[in-house]
Every structure is written in structure tokens, then in C-alpha cells.
Amino acid sequence: MTAQDPITVTTDERAMLEYFVDMQRRELKETLEGISEADARRNLVPSLTTLIGLVKHNTIVERNWFQHRLLQIPREELPLPSSADEHSWVVRDDETVADVLAEYDAACEESRTNAAKFPLDHVVPHQHWGQVSLRWIYLHMIEEVARHAGHADILREQIEATPSPS
């Protein structure tokens with residue numbers, strides 16, 4: 001954090017949680033800044049993980065937690081596959097970096113809007129953990145997005161160190 005950051009020890013818990021999840025979202029998006037379409041799609045690891053794919057996957061994660069879980073919208077009514085599905089990493093040929101970032105921004109904004117409707121102690125059912133609170137969802141999202149932002153940082157370093165094949 002810098003001196004201008006609005007989060008301090010006197011800020012309330014909800015503001016801190018919102019701040020840190022948004023900070024991780026920004027850091028993930030920043031890994032795509034100034035990158036070519038080809039480099040965004042470069043596969044540098046054995047999995048389906050690419051820079052653009054990380055953002056696409058996190059769009060699905062946002063919808064999973066803040067629409068499917070929090071609002072209890074059935075999964076089949078959501079526009080994308082489950083975040084556990086390997087297809088959550090796949091970016092169609094006709095999708096650009098700008099498209100994927102815009103979709104991520106829209107999903108994050110919808111997450112903010114949905115979360116604002118509930119207190120942090122609001123609980124929803126989860127098939128593995130029984131009940132999870134909105135507070136738990138925020139903490140999980142901070143961890144989830146930070147992990148993927150770290151993956152994206154490493155991929156970006158690899159891309160910058162290795163010229164694109166021509």
C-alpha cells in the first residue's frame with residue numbers, strides 16, 4: 001500500500017475486504033497491459049493456463065461466488081461453465097484481450113453490486129463446507145484472485161524474457 005491508499009487500521013472490516021479483493025483484481029488485469037493478442041494467448045506451461053485464460057477463468061470464478069453461490073442462481077442459468085471445468089480457461093478465437101477484460105470488469109462490478117445487498121454475516125449453502133458467509137467469500141476471493149495474479153506475473157515474466165515465435 002502507498003501513503004494515498006484509503007485503507008487504514010481504522011477502516012471498517014467490509015471496506016478492507018472490498019479494497020483487498022479489488023486490489024487483487026486490478027493486479028490480475030495489469031498483467032495484460034501492453035501485451036499483444038498473440039502473447040496473451042501464449043501457452044508456456046503444460047496446462048491450459050495463459051494470461052488471457054487466467055482473466056477468463058476469474059470471470060467465471062466471480063460469477064460462481066457472487067451470482068451462483070451468493071444469489072443462489074442455478075449454475076445452468078449462468079453464461080459460462082463452472083470454474084472447476086477446464087473450459088473456464090479457454091478463450092475463443094474471436095475474443096480479444098479487450099473483450100475478456102471488459103467481461104471481467106462487468107463480472108466484478110456485478111459482484112460488487114450483489115455483495116452490497118448483504119451483511120458480511122449472511123450465509124449461503126455450500127456442498128462441501130455446509131454454510132459459508134459473505135465474509136468467507138470475500139476472503140476466499142482475495143486468496144483466489146491473488147493466486148491467479150501470481151500465476152499471471154510469472155507468465156508475464158516468461159513472455160517478456162522469451163520472444164514470440166514468428
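Each residue is numbered by its place in its chain's sequence as written, counting from 1. The model is predicted, so local features are restricted to residues of pLDDT at least 70 and side-chain atom pairs to those at 80 or more, both for listing and for counting; the totals for chains, interfaces and linings are taken over all residues. Side-chain measures were taken over the full set of non-hydrogen atoms in the model, leaving aside hydrogen atoms and water.

This paragraph deals with the side chain of threonine 31. A run of DSSP states H or I qualifies as a helix once it reaches four residues; a run of E qualifies as a strand once it reaches two. Both are numbered from the N-terminal end. Structurally, the position occupied by threonine 31 is in the loop between α1 (13–30) and α2 (37–40). It only takes one pair of heavy atoms within 4.5 Å for two residues to be counted as in contact. Aside from chain neighbours lying at most four places away, what touches threonine 31 is Leu51, Ala149, Ala152, Asp153 and Arg156.

For phenylalanine 118, the position within the fold is in the loop between α4 (97–115) and β1 (123–126). Taking the C-alpha atoms as reference, phenylalanine 118 lies 9.9 Å from leucine 71; in sequence the two are 47 residues apart. Setting aside anything within four residues of it in sequence, one finds phenylalanine 118 in contact with Arg14, Leu70, Leu71 and Leu134.

Before going further, it helps to spend a moment on the pattern of salt bridges. We count a salt bridge whenever a side-chain nitrogen from Lys or Arg sits within 4 Å of a carboxyl oxygen from Asp or Glu. The full count for this structure, using the stated rule, is 16 salt bridges. One salt bridge connects arginine 25 with glutamate 62, and the closest N-O pair in it is separated by 2.8 Å. Pair noted here: arginine 25 is in helix α1 and glutamate 62 is in helix α3 (residues 51–69), with a separation of 37 residues, a long-range link. Both residues of the pair, arginine 25 and glutamate 62, belong to the buried class. The salt bridge partner of aspartate 94 is arginine 92, with a shortest N-O separation of 2.9 Å. To sort residues, take the accessible area from a 1.4 Å probe on protein chains only and compare it with the maximum for the residue type: under 20% means buried, over 50% means exposed, and anything in between is partly exposed. For aspartate 94, a relative accessible area of 55% translates into the label exposed. We classify arginine 92 as partly exposed; its relative accessible area is 49%. Beyond isolated ion pairs, a larger network of salt bridges with shared partners links Asp22, Arg25, Glu62, Glu109 and Arg112.

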